[in-house]
Amino acid sequence: MDEPGVAGLEGIEDEIFGRQVLAAMKVAPRANLANATNIIVVTLYIALPGHPVFALVWVGLALPAAALRAVVWWLGERASPPRPTAVLRRRYHRISMLEVTLQASLTAILAAYLLPRIDPDRQVVLVASIAGILGAGAVALSTVRSVGTLWVVLHVSTIAPTFLAMDRTAYDVLTVQMFVYGAVLVAGVVYLADSFRRRTLAEINARREHQVVELLLDDFEDGSRDWLWETDSQGALTHASERLAEVSGYSVESLRRLTMVELLGRLAHPSDDGRRSVELLTDAMARGVGVRDHLLHVQVGGSEHWWAISAKPREAADGRVLGWRGVGADTTQAHIHGLEMVRLAETDPLTALANRRRFQESLDSVLDGEPSAGEVHLAIFDLDNFKVVNDTLGHSVGDELLVQVALRMAACREDDFIARLGGDEFAVVTQPASPPDFAELLFAPYQDVFTEPFIVRGNRLHVTTSVGCARAWPGTTRAEELVGRADLALYAAKAAGPSRMSSYTSSMTMRARERASLVADLQRAITREEFLLYYQSQHDLRTGKVVATEALLRWQHPRRGLLPPSEFLEVAEASGLLVPIGGLMLRQACRKLATLGGGVRVAFNVSHSELDANDFLERLEQALDEFGVDPQRLELEVTETAAGTPRSESLLREVAQLGVRIAIDDFGVGYSSLARLQRMPVDVIKVDRSFAAALRASEPRSTDVARAIMKSAVDIASALGIEVLAEGIETADQLAEVRGLGFDLAQGYFVATPAPDLSRHLRLVEPLS
Ligand code: C2E
Ligand code: CA
Ligand code: CA
């Protein structure tokens, strides 16, 4: 095929010429009409009446000429479209030149023979006919400069001699006129041929440009998973490629019959999301604005796909939209991958519940919703004894327990949103249509799932939770605020003991603020060394002598004065500040111990968080070393609960190994295990002061109970071969009673009150009888 491709100038010239010839050939039928009229007029009116033989001869010549013209026309018709080949073009051109020569000869013969032989009336008609033939032919052939010019030149040059031979002034004038008209016609032909040429050239260039674009587009699509599309101003797809056919499930032919909007309308995924994605794009196109990587949700042959579409309007110089051009890509894989990533990023890998991040987003969105949807209730659950499970049975049991807890909670109520916030913390968000009178009732079913024990790898685990609840109407509260309130409520629930649920009240916020400022104060107090120790003596009930003295923490607050531990200890412990404070105090106690004579011991209180700190043992040894203290004279007081974990148990064994004594503080109020007491290197048990206080109670039953418990504590101590101390002795009666019960030691306001200076205190001691 004679494909122009990206041909050079010669190719273009060739093509223009071809088109010119073709155009000339196309007017052949119309030119033939003029010809036929001439033949009829000339034969019937001019030649036949006086010159029948000539008429017959001339018609005999004119008819084959007309036939030749018809052939030329037929060839031209057949040749376009497509375009004639170069060889054919040259052939048409030669035929056209030949035809023009033949026609001109016929006319010349007609004029030369008839003009001198007919009457003036017929002469007029003949001259007019000749003028008509000349003019009509020139116009008809004007697309090809050479053919048109040849037509005019041949006619003028062959007829002029005939005119001149007439030897009449009128014909002389006609000759001059004919030359002038001839010149004008040639100029006209040249002009028309040129403008035809220019127009053709512009058309060819435009077409080639389009072809180049097509070529590039095909090339692009061959090498990538993307496809290109183009529409006209009506939105019809003018470039629909194999690739688009492939991804859309339509053939290239049927695509060409569709507009882009129709195609997308048919492909839109039947979901809301799918329809909206298509609407947004068609909307943008209707408004004439481009889009970049617009995500379309489509359905092709029953399977879901995502396409990223970019499109730009093609604009004319005057801003009219000529159509659209764009790129499309099937991004299904990336989209599904992205969705999976999002899902993973929002899911807790252990329990498959929503994680904290998705929890926050969900809470944000319900709180952003309409108030008519109802009040939003949030509960945060925190397992009470999870740490013990983890520490004693190992992390894998702990993990499995969390999975089971998650399963039970998730099965609890269908429409609630459940998330794991981390560790052993879970959250439930619900928006009930008709909430119960007490918010606590709303979450009671979740607490109930903990009633039954969990069976994890053969262990029956009784787990309880503390729950903090908070609620808010949509539009009034931010998610962080609501979570903060539920946290405060949870804090309060925890403080109240295991398995408690509490709802947020505004006083919780106030207390939280106070706590926060207390923490800041405590931090300052550490650097300003505002902490000091008071000492309270412990007396041997037989000898009346002071055998030990308990160091008790005080805070010399710059504004509030001297504060007892009840004012700050809990916050110091919770904020982790008790560890540095305890460290400072331990050194102070050892320094004091170094100055004490008479073999008096110092008892020092240690809390759970201090024992838990990594470097407790190290610091203890350092303090003993630094002040050259005999470890036997230092006694650490720990509560039963603090001593109860496996970690503290082994730590206390190491403490005992150093020679430091160990006292069980507040005995009788925590969880005790006689077995543990037997295992542990305990030197003394200090019976909680609430029992001494109960001895004074007016109700005889509580007095009896207290006495019985104190008696059994004495028995236990004697069985274990350790000492037993009665705390909180405030009266002489109490003192007599505990002495009677067999206590070794006593401590209390009646015996000695806590005081900053131990040496003075020691001087005040009176032996007891
Ligand atoms: P605790 O270990 O039971 O200490 C005895 C508490 O009882 C002291 O209160 C003491 O002042 C008070 N007390 C003494 N005799 C009597 C009495 O006859 N009747 C009454 N009602 N109370 C009496 P304090 O000093 O306010 O200490 C309170 C708690 O703070 C201590 O209880 C102890 O658990 C903790 N604590 C004190 N100092 C320290 C310390 O340096 N470190 C740690 N971790 N905790 C400390
Ligand atoms: Ca104590
Ligand atoms: Ca105590």
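Trainee: Looking at this structure, I do not really get the packing of helix H10 (residues 260-267) against helix H11 (residues 272-286). What am I missing?
Mentor: Two quantities define a packed helix pair, namely the angle between the axes and the distance from one axis to the other. The N-to-C vectors of H10 and H11 enclose an angle of 170°; their axes lie 10 Å apart at closest approach. As far as their axial angle goes, H11 and H10 are roughly antiparallel. Contacts between H10 and H11 pair Met260, Val261, Leu264 and Gly265 from the former with Val278, Leu281, Thr282 and Met285 from the latter.

Trainee: Please clarify how the nonpolar core should be interpreted in this entry.
Mentor: One recurring pattern in soluble globular proteins is that nonpolar side chains are buried together. Counting 74 residues, the largest nonpolar core has Leu522, Phe531, Met710 and Phe743 as its most contacted members. Ranked by residues supplied to this core, first place goes to helix H20 (residues 578-595) with seven residues. Here Phe531 is in contact with Leu522, Ala525, Ile526, Leu553, Arg554, Trp555, Phe568, Ile581, Met585 and Gln588, once residues within four sequence places are set aside. Trp58, Ala65, Val127 and Leu141 belong to the second-largest nonpolar core, a separate cluster that totals 41 residues.

Trainee: It is not clear to me how the pairing of strand S3 (residues 291-300) should be interpreted in this structure. Could you clarify?
Mentor: Walk down a regular strand and you will see the side chains alternate between the two sheet faces. For S3 and strand S4 (residues 303-315), the ladder comprises eight bridges, and the chain directions are antiparallel. Following the sheet pairing, His294 is matched in S4 by Ile309.

Trainee: Would you explain the packing of aromatic side chains in this entry?
Mentor: To describe a pair of aromatic rings, you give the distance between the ring centres and the angle between the ring planes. Applying the stated criterion across every chain, the model contains nine aromatic pairs. Seen from their ring centres, Phe163 and Tyr171 are 5.4 Å apart, and the 65° between their planes marks the pair as edge-to-face. Relative to Phe568, the ring of Phe531 has its centre 6.0 Å away and its plane inclined at 45°; by these criteria the two rings are tilted. Taken together, the positions of Phe531 in strand S13 (residues 531-540) and Phe568 in the loop between strand S15 (561-563) and helix H19 (569-574) put the pair 37 residues apart, joining distant regions of the chain. For Phe531, a relative accessible area of 5% puts it in the buried group. An aromatic cluster of at least three residues, connected via ring pairs, comprises Phe381, Phe443 and Tyr446. Lying across the ring of Tyr45, Arg122 places its NZ or CZ 4.4 Å from the centre. Taking NZ or CZ as reference, Arg408 lies 3.7 Å from the ring centre of Phe454, over its face.

Trainee: Please explain the coordination of the calcium ion (ligand 3) as it appears in this structure.
Mentor: For a metal with four tetrahedral donors the ideal donor-metal-donor angle is 109.5 degrees, whereas six octahedral donors ideally subtend 90 or 180 degrees. Donor atoms from the polypeptide that bind the calcium ion (ligand 3) are Asp665 (OD), Asp666 (OD), Glu727 (OE) and Glu727 (OE), placed at 2.1 to 2.5 Å. In the primary sequence, the donor residues of the calcium ion (ligand 3) line up as D-D-x60-E. A separation of 4.0 Å is found between the calcium ion (ligand 3) and the calcium ion (ligand 2), which are bridged by Asp665. Remark: Glu727 occurs in the loop between strand S20 (723-726) and helix H28 (732-741) and Asp665 occurs in strand S18 (residues 661-667); sequence separation between them is 62 residues. The same class applies to Asp665 as to Glu727, namely buried.

Trainee: It is not clear to me how the layout of surface pockets should be interpreted in this structure. Could you clarify?
Mentor: Over the atoms rolls a probe the size of a water molecule, and in doing so it shows where empty space is left. One number sums up the size of the second largest pocket: a volume of about 820 Å³. Contributing to the lining of the second largest pocket are 32 residues, with Glu550, Leu552, Asn605, Asp665 and Arg689 lying nearest its centre. Every element with two or more residues in the lining of the second largest pocket is listed here: S13, strand S14 (546-557), H20, strand S16 (601-605), helix H21 (608-612), strand S17 (634-639) and S18. The element contributing the most residues to the lining of the second largest pocket is S14, with five residues. Taken together, the residues of the lining of the second largest pocket break down into 14 nonpolar, nine polar and nine charged.

Trainee: Help me understand the coordination of the calcium ion (ligand 2), please; the structure alone is not making it clear to me.
Mentor: Glu550 (OE), Asn605 (OD1), Glu637 (OE) and Asp665 (OD) make up the full set of protein donors to the calcium ion (ligand 2), lying at 2.1 to 2.3 Å. One chain supplies every donor to the calcium ion (ligand 2), and in sequence these donors are spaced E-x54-N-x31-E-x27-D. The exposure class assigned to Glu550 is buried, which follows from its relative accessible area of 5%. Residue Asp665 is classed as buried on the basis of its relative accessible area, which comes to 7%.

Trainee: Which parts of the structure should I look at to understand the pattern of salt bridges?
Mentor: Pairs can form between side chains of opposite charge whenever their charged atoms are close. Tallied over the full model, the rule gives 41 salt bridges. For the salt bridge of Arg676 with Glu649, the shortest nitrogen-to-oxygen distance reads 3.6 Å. Residue Arg676 is found in helix H25 (residues 674-679), and its partner Glu649 is found in helix H24 (residues 646-657); the two are separated by 27 residues along the sequence. Connected through salt bridges with shared partners, the residues Arg478, Glu480, Glu481 and Arg485 form a single ionic network.

Trainee: How should the site of ligand 1 be read in this particular structure?
Mentor: Close to ligand 1 lie 21 residues, the nearest being Leu553, Arg554, Asp665, Arg689 and Glu730. Separating an oxygen atom of ligand 1 from a side-chain N or O atom of Arg554 is a distance of 2.9 Å. Between Ser607 and ligand 1, the recorded distance is 2.9 Å, taken from a side-chain N or O atom to a nitrogen atom. About the coverage of ligand 1: the protein hides 84% of its 790 Å² of free accessible area. Here ligand 1 occupies the second largest pocket. Looking at the shell around ligand 1, the elements with two or more residues in it are S14 and S18. Here the shell around ligand 1 takes four residues from S14, the largest share from any one element. Of the residues belonging to the shell around ligand 1, the class tally is seven nonpolar, five polar and nine charged.

Trainee: For this particular structure, what's the right way to read the sheet that holds S3?
Mentor: Each strand in a sheet pairs with its neighbour through backbone hydrogen bonds, running either in the same direction (parallel) or in the opposite one (antiparallel). One open sheet accounts for five strands, arranged S2-S1-S5-S4-S3; its pairing is antiparallel. For this open sheet the edge positions go to strand S2 (237-239) and S3, each flanked by a neighbour on one side alone. Ignoring which end each strand starts from, the neighbouring axes of this sheet average 35° apart. Where strand S1 (residues 226-231) lies against S2, two bridges are found, and the strand directions are antiparallel. Among the inter-strand pairings, Glu230 is bridged to a residue of S2, identified as His239. Helix H12 (residues 332-345) rests against S3, S4 and strand S5 (321-330) of the sheet, and its axis sits at about 120° to S4.

What counts as what
- Counting from 1, residues in each chain are numbered in the order their sequence is written.
- Lettering for chains starts from A, numbering for ligands starts from 1, and both go in the order in which the items are written.
- Local features in a predicted model are, by the rule used here, given only for residues with pLDDT of at least 70; side-chain atom pairs are given and counted only at 80 or more, and totals for whole chains, interfaces and linings are based on all residues.
- Only heavy atoms go into the side-chain values, all of them from the structure, while hydrogens and water stay out.
- Between N-to-C directions, angles span 0 to 180 degrees; the directions come from axes that are lines fitted to C-alpha atoms, helices contributing only their stretch in contact.
- Comment: elements are numbered from the N terminus, with helices defined as DSSP H or I runs of at least four residues and strands as E runs of at least two.
- Convention used here: angles under 35 degrees read as roughly parallel, angles over 145 as roughly antiparallel, angles from 65 to 115 as roughly perpendicular, and any remaining angle as oblique.
- Every residue pair with non-hydrogen atoms within 4.5 Å of one another is taken to be in contact.
- What is meant by a nonpolar core is a set of buried Ala, Val, Leu, Ile, Met, Phe, Trp, Tyr and Cys residues, joined one to another through side-chain atoms within 4.5 Å.
- Type-normalised accessible area, obtained with a 1.4 Å probe on protein chains alone, sets the label of each residue: buried when under 20%, exposed when over 50%, and partly exposed for intermediate values.
- In short, DSSP must find at least two bridges between two strands for them to pair.
- Ring pairs shown here join Phe, Tyr and Trp side chains whose ring centres sit within 6.5 Å, with only the six-membered ring taken for Trp; geometry is labelled stacked below 30 degrees between planes, edge-to-face above 60, and tilted in between.
- Geometrically, a lysine NZ or arginine CZ counts as sitting over a ring once it is within 6 Å of the ring centre and also within 35 degrees of the ring normal.
- Only N, O and S atoms count as donors, using a 2.8 Å cut-off from the metal and 3.2 Å for Na, K and Ca, and because water is excluded some sites may appear unfinished.
- The distinction between a cavity and a pocket rests on a 1 Å grid over the protein atoms alone: a 1.4 Å probe fits inside a cavity but cannot get out, while a pocket stays open yet meets protein on both sides within 12 Å along at least five of seven lines, and a residue with an atom within 4 Å of a point counts as lining.
- Grid points are joined across faces, edges and corners, and a volume is the space filled by probe spheres set on the points.
- Charged means Asp, Glu, Lys or Arg here, nonpolar means Ala, Val, Leu, Ile, Met, Phe, Trp, Tyr, Cys or Pro, and polar covers whatever is left, Gly included.
- When a carboxyl oxygen of Asp or Glu is within 4 Å of a side-chain nitrogen of Lys or Arg, the pair counts as a salt bridge.
- Residue proximity to a molecule or strand is established when one non-hydrogen atom of the residue lies within 4 Å of it.
- In the analysis that follows, any N or O atom pair within 3.5 Å is treated as a polar contact, provided that within protein one partner can donate a hydrogen and the other can accept it, and provided that, for residues neighboring in sequence, both atoms belong to side chains.
- For the area figures, the Shrake-Rupley method with a 1.4 Å probe applies, and any residue is considered shielded solely by the protein chains shown.
- Whether a molecule lies in a cavity or pocket depends on its atoms, and more than half of them have to be within 2 Å of the grid points.

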